[in-house]
Amino acid sequence: GLSQERLNMEPTLPDVSTYKDIMYICPFSGPVKGKVFITNYRLYFKSADADPSVTLNVPLGAIGRVEKMGGASSRGENSYGLDITCKDMRNLRFALKQEGHSRRDIFDILFRYAFPLSHGLLLFAYLSQEKYEENGWSVYKPMEEFRRQGLPTDKWRITFINDNYELCDTYPTILVVPFKATEEDLRKVSTFRSRGRIPATGGGYEGDDTYQNAELVFLDIHNIHVMRESLKKLKDIVYPNVEESHWLSSLESTHWLEHIKLVLSGAIQVADKISGGNSVVVHCSDGWDRTAQLTSLAMLMLDSHYRTLRGFQVLLEKEWISFGHKFASRIGHGDKNHADQDRSPIFVQFIDCVWQMTKQFPTAFEFNERLLMTILDHLFSCRFGTFLYNCESARDTNVRSKTVSLWSLVNSDSTSYLNPFYTPESSRVLYPVASMRHLELWVTYYIRWNPRIRQQQSPVEQRYMELLALRDEYLKKLEELQLTDSSPNSSHLSNSSASNAASPTQHINHLHTPF
Amino acid sequence: MARERERDPGVETVSSVCDSSWALFFILKNKYLLEPCASGEIVVNEVSFVRKCIGADSSHGDLWGKLICTNFKVSFITHDALPKQRFQVANRLLGEHDVPLACVEQVVTVNDAKGKQKVLCSNQKLKFNPTELILYCKDFRIIRFRFDEAGPQSAKKVCLAIAHYSQPADPQLLFGFEYVGKQYYGSLVNGVDPGGGLQMPLFDRPSEWDREIKRTGASEWRVCSINEGYVVSPSLPEYVVVPVSLADQDLKQYLCFFTAHRIPLWCWNHPNGSALVRMASISDPLQQRKLDQRICSAITKSHPQRSDVLKSDLDKNLPNIQDIQAAFVKVRHICVIEPFEESEEKWLSSMESSRWLEYVRAFLKHSAEVVYLLEGKHVSVILQEEEDRDLSCVVSSLVQLMLDPHFRSLTGFQSLVQKEWVMAGHRFLHRCNHLKKNDKEESPLFQLFLDCVWQIINQYPAAFEFTETYLTVLSDSMWIPVFSTFLFNCPQQRTENSMDFAKSKCIPMGEEKALRFPPVWDWSQQFTPKDQALFNNPMYVGKGATCVQNGTVKSFRRTKKNYSSTLRGMPSSLRNILMDGHDSLTLTRRNSLVPRLKPDFSQIREVVESPTERFFRDWVSRPADLQGMLIPQLLPSHLALWRLYFLRWVPEASIPKGGPVTAYHKLSQLADEVEKLQSQLRQYKGATPASTPTSNPSAPPSDHSRMYFKAGSTHEPSSIPEYLSSSFPFSPVGNMCRRSILGTPLSKFLNGAKTWLSTETLANEAL
């Protein structure tokens, strides 16, 4: 039967709705008969036969749209069913029997739990009972982060002017502003900035003299609607089947990589100006989409701290979550309005840019591809409170007390998210080559539902881990041998050698030295 | 015959490299000791006060020196150091700034004062004094020299000499003959036998074929020597493997019906008994059916289960050599000629329009389908091609790489190239166009093959013993004309040219059939043992390699089980499909394998996989066994541009302290450490861990590390060396100078060019 363990892996409500005799219309191996289980967190499908063995595991949060397909008069019994569009680059189709109203039941329950906010229900993050060793909510402490950056200084000061979100409801409560700007100045400025968003430090990179000798650079990055359409086009050419006959020109016509390139080269320009001693004001119309992308990417390039596992979490918390990227609007968590024009994959695009950087610099990031995939999975899943809501003021204190942070999951199992090749280089500025020659489609993310593709996460990384394990094994053996080998004439090795893993030459010396 | 042309054996060596009609050249006989100077090398002409261009936009950083043309290479001797020099692997035969003449594809001279430019060919006149010389190289480099301060006549002479000597009239004028003549026969004490120390078969002896028959368990196949002395077919090797049931008499009777008398050649046997065979077309249509039947029945008899034989027509299903050449020229143009920024916007569609990756995919896909037949359907396969000397070299090698892990080791791979390319008579001389007069015959089949291999390596990085650096260096070696591997169209040609040359030079050949040209596999000719370590893949999971699984050290061993158990593991439904044999399996290219799901549900039943697809999907769903069958992912989204090969000289594309090499650096260090620990453990008697090191048995003893980057000590934390870049171990500095010619952007100047430049057009312009 169905592996109960998998369903229990994460907390669910006790009522699991089970539907038998459902046909999953697999675009790869044709119709597959099986059972569907729906909980308040996920939709789970398991094929009845082992051949082909098909399972689906879809968090309801990843569902963007549910539609009834075919009517009673449609040809063939299989044409009657449900069509589900997901936010994570796949679509699902189920064919159902007409008798017994099973379609109405499934549709209703899916519609209700996939879009809880449209039905006056709570997002799953509030129902989850998950417990983790680590509390991810404590990852980002603004004052600590300011201190790490050496703030405040004689040029920058910390202000609590937005303590009650009176100045700007989409900004965090603690802000760093130019030292000379008085509270009165800030209030004045806020009245004519879009939605009261005064210039504040994105990581301390905004200068007080910026406006005097401002050099205006337009980065030609398109708006959120263009990005939404671009990703949609990309989905069309990779799901269910990869466009084979004109792959490269089809990929080009989605412009996805071109947009990635523009964002990356924009961030390089920002980073370059800053490392050249200039301060930079990054802005877009509201300062929560493009600005977040550019500042956070520039910060990744300039400050190696953000390339660590913890540092990256801080970067996301600060530049995206705290500074008011409108996650709720852009993703549409729990909202049935799939055609909402505010939706846009701005954050997905950012994570893609980060992935491109990790590809070009395999040793510069402490985290691995799995972390980026996990972040994107839970961007949609609504299992964690991290990416919910549009800004800090909307994200009332309940979020921290009643939901779990994604970083709780990550930091309780941090080894799975570590890049074994990571080589810390604290002062290194990292400029990726923003060229089509190097940018590539992130196939392990965008084309991961295709069963004809081996889903292997970085074989290079895997092999490195194997070699590490082998090294440890040999070190252990060597130590054991040296311990048992206690006859006076035999060579001896000091006990500390096992910890000196990277110093085999020392071992050899010791081996030949009578102790 | 060209090689019978006038030549006075009495005149000293120099004359043999210099056409007598070219009295223009004043030949300097070994006047200068060039460093490094290959034996048999002679200076032809030289000019001083030459500037080698380094930067693309200014003369800043340019180098001053002497430009020399020898009978082997274009050499630039300078005492200036390169600015911000990055690491470059040193070649024993070539200096830092040298280009072998065989690597020079096109010689362009420019006079900017007169606004003239000309592509120089052999035996041509030049009506202006060049101010600039641009060399377009076969390995994609573009090198420029300025003559502003040089003697105009000397500069002109050097340019003409380079043009002349880079287009030898005859194979024996290729430098290799002088080199081998001097190196191994020139002195009383013979040099080291080239290739003598090699631990790999060259397949020029029956015993080596016998061993391959035994290794693959092809007991119903035998070595046949009817072509000894190349008496029946000049393009076949002397020893071939044929079904036991075919007697020499039968073969002699059949051979006249095959194109160029090329009888079917056995390539390889699957452990299940299925054979891979390559064959030329049958020239006599009347005999076609009968002969096909006889050949097939003989192959069937050699199969333990008497399985069927399927024939795969390569000419019908794959691009031809001209298509491949055209694609290569286009992809090269896009990668190195087009201005970097301008070509960004249309990069992907330009790549597509070159069709290079499409062809790479076509060959991989076709090979994978043959793999399915051998492994999944247990049938023998005949690869048929008109002459069996081009496409079948690629396909047969790829099939064997996918099925037999032996060929994924370094020596295994080299023996594969030796067997399926060199011995099978791939026309390297013509396909490389070494004599530059066979433009229509030129085709980068071997480069295409290397790209296909790279794609598999890219997808299964731990499955091969060698690196992409190895593949790139191997490709570059095609343009160093001293190796037996790439100099000839077939083994017979080597013998014939050797005899001729030896006779004309009074070289005593003794019992030998051919001059001992070193094979490219004798890597010590080019690189120090230390630099050869760059070929070793630290990730390699080879035969007997150790790894840790679930905390215990295990050793991989090739067993019959994990090698041929694919079918047993398959669900019964699939097995039935396979046994039916009526599954409409055709070896044709299909663009879309699965019809798209239509909104109309009545069509859902039509979504059916082909057995091949099903076979691949089934394989993909299980963990990959690197010592078993390896099928590359064939979707176009999963094939990539081989950046090291195509973009290594492009400065704008270089990622400083980045690229895959930075991970390779760390991997090498760790692998080195593991090796050292292993050798320490071995010092304890009877305490050896599960097995031998990750190396193969022929690797050097373990006290010499196989890794280029050694494990660091605890005292200095391992950081990334400054010289690493995505181009490593190559460097764009001074190797890619794409300034405009007389104000015309290079890409416009070269647009529509047949190869690099259209010779006629330019020559006319200059007149």
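Please read these numbers as outputs of a predicted model, since none were measured by experiment. (Residues numbered from 1 in each chain as written. Chains lettered and ligands numbered in written order. Predicted model: local features only at pLDDT ≥ 70, side-chain atom pairs only at ≥ 80, totals over all residues. Heavy atoms only, no water.)

Asks: Please clarify how the overall build of chain A should be interpreted in this entry.
Replies: Counting secondary structure elements, chain A contains 17 helices and 9 strands. Taken across its 515 residues, chain A has 58% of its residues classed as buried. Across chain A, every contact between residues at least 6 apart in sequence was considered, and the portion connecting residues at least 24 apart equals 67%. Working note: accessible area of chain A is about 21400 Å², and carbon and sulfur atoms make up 50% of it. (Helix = DSSP H or I, 4+ residues; strand = E, 2+ residues; numbered from the N terminus. Buried < 20%, exposed > 50% of the residue type's maximum accessible area, 1.4 Å probe, protein only. Contact = heavy atoms within 4.5 Å. Areas by Shrake-Rupley, 256 points an atom, 1.4 Å probe, with all protein chains shown as cover.)

Asks: Is there a simple way to explain the packing of aromatic side chains in this structure?
Replies: Each aromatic ring pair is specified by the distance between its two centres and by the angle formed by the two planes. Applying the stated criterion across every chain, the model contains 69 aromatic pairs over all chains. Ring geometry for Phe365 of chain A versus Phe367 of chain A: centroids 5.5 Å apart, planes at 65°, classification edge-to-face. Like Phe367 of chain A, Phe365 of chain A is buried. Measuring from centroid to centroid gives 5.0 Å for Tyr708 of chain B and Phe709 of chain B, while their planes differ by 85°, and the two rings are edge-to-face. (Phe/Tyr/Trp six-rings, centres within 6.5 Å; stacked < 30°, edge-to-face > 60°.)

Asks: Sorry, what's going on with the sheet that holds strand E1 (residues 43-52) of chain B here?
Replies: In a beta sheet, neighbouring strands pair by backbone hydrogen bonds and run either parallel or antiparallel. Residue and element names in this part refer to chain B. The strand order across the open sheet built from 8 strands is E4-E3-E2-E1-E8-E7-E5-E6, with neighbouring strands paired in antiparallel fashion. Unpaired on one side and paired on the other, strand E4 (99-100) and strand E6 (116-120) mark the two borders of the sheet. The strands that helix H2 (residues 152-165) touches are E1, strand E2 (63-70), strand E3 (73-78), strand E5 (104-111), E6 and strand E7 (132-137); relative to E1, the one it contacts most, it runs at about 120°. (Pairing = 2+ DSSP bridges. Axes fitted to C-alpha atoms, helices over the stretch in contact; angles between N-to-C directions.)

Asks: How should I be thinking about the confidence of the model for chain B in this particular structure?
Replies: Low pLDDT means the predicted coordinates in that region are not meant to be read closely. Residues and elements named next belong to chain B. Confidence along chain B averages 82 in pLDDT terms, with 77% of residues attaining 70 or more. Low pLDDT, under 50, characterises residues 687-702; the stretch is placed with 36 contacts to residues that sit more than four places away or in other chains. For residues 751-767, every residue scores under 50 in pLDDT, and the model assigns this stretch 38 contacts once sequence neighbours within four places are set aside. (pLDDT = per-residue confidence, 0-100.)

Asks: Honestly, the side chain of Asn735 of chain B in this entry has me stumped. Any pointers?
Replies: All names here are of chain B. Locating Asn735 in the fold gives a position in the loop between helix H23 (660-683) and helix H24 (746-750). Residue Asn735 is classed as buried on the basis of its relative accessible area, which comes to 2%. A distance of 2.8 Å separates a polar side-chain atom of Asn735 from the backbone oxygen of Ser731. (Polar contact = N/O pair within 3.5 Å; in protein donor to acceptor, adjacent residues only side chain to side chain.)

Asks: Would you mind showing me how to read the sheet that holds strand E14 (residues 380-385) of chain B here?
Replies: Residues and elements named next belong to chain B. Strand order in the open sheet made by the 4 strands is E11-E12-E14-E13, with mixed pairing throughout. Taken across any chain shown, the strands that pair with only one partner, and hence form the sheet edges, are strand E11 (265-269) and strand E13 (309-313). Here the average twist between neighbouring strands, direction ignored, is 20°. Two strands pair when backbone bridges link them, and E13 and E14 are joined in this way by 5 bridges, in the parallel orientation. Bridging across to E14, Leu310 finds its partner in Val381. Along the sheet face, helix H6 (residues 285-301) touches strand E12 (275-280), E13 and E14 and points at about 125° away from the line of E13. On the sheet, helix H11 (residues 391-403) packs against E11, E12 and E14 and is oriented at approximately 175° with respect to E12.

Asks: Help me understand the pattern of salt bridges in this model?
Replies: Close approach of charged atoms allows side chains with opposite charge to pair. Residues and elements named next belong to chain B. As enumerated under the stated definition, the model contains 58 salt bridges over all chains in all. In this structure, Arg222 engages Asp248 in a salt bridge whose closest nitrogen and oxygen atoms are separated by 2.6 Å. Placement of the pair is Arg222 in strand E9 (residues 221-224) and Asp248 in helix H5 (residues 248-254), with a sequence separation of 26 residues. With relative accessibility at 27%, the residue Asp248 sits in the partly exposed group. (Salt bridge = Lys/Arg side-chain N within 4 Å of Asp/Glu carboxyl O.)

Asks: I'm lost on helix H21 (residues 611-620) of chain B in this one. Help?
Replies: Of all 10 residues in H21 of chain B, 10 are buried, a share of seventy percent or more. Within H21 of chain B the residues assigned to the buried category are Pro611, Thr612, Glu613, Arg614, Phe615, Phe616, Arg617, Asp618, Trp619 and Val620 of chain B.

Asks: What am I meant to see in H11 of chain B here?
Replies: Given 3.6 residues to a turn, an α-helix orients residues that are three or four positions apart in the same direction. For H11 of chain B, with 13 residues, the first-to-last C-alpha span of 19 Å sits near the 18 Å given by 1.5 Å per residue. Within H11 of chain B, 13 of the 13 residues are buried, which leaves the element mostly enclosed by the surrounding structure. (Expected span 1.5 Å × (residues − 1).)

Asks: I would appreciate a short explanation of the side chain of Gln414 of chain B in the present structure.
Replies: In this fold, Gln414 of chain B is placed in helix H12 (residues 410-422). What Gln414 of chain B contacts, discounting residues up to four positions off in sequence, is Met200, Tyr470, Trp521 and Trp523 of chain B.

Asks: What exactly am I supposed to notice about the environment of Val331 of chain B here?
Replies: Residues and elements named next belong to chain B. You can see Val331 is positioned in helix H8 (residues 321-337). Each C-alpha atom of the pair Val331 and Leu357 lies 9.2 Å from the other, and the pair is 26 residues apart in sequence. When sequence neighbours within four positions are dropped, the list of residues in contact with Val331 reads Met351, Ser354, Trp356 and Phe646.

Asks: Honestly, the confidence of the model for chain A in this entry has me stumped. Any pointers?
Replies: All names here are of chain A. When pLDDT is averaged along chain A, the result is 84, and 83% of the positions lie at 70 or above. Helix H17 (residues 504-511) is the least confidently modelled element of chain A, averaging 33 in pLDDT, while helix H11 (residues 346-360) averages 98, the highest of any element. Every residue in residues 1-11 scores below 50 in pLDDT, and together they form 21 contacts with partners more than four places removed in sequence or on other chains. In this model, residues 205-211 is a region of pLDDT below 50 whose contacts with residues beyond four sequence positions or in other chains number 24 contacts.

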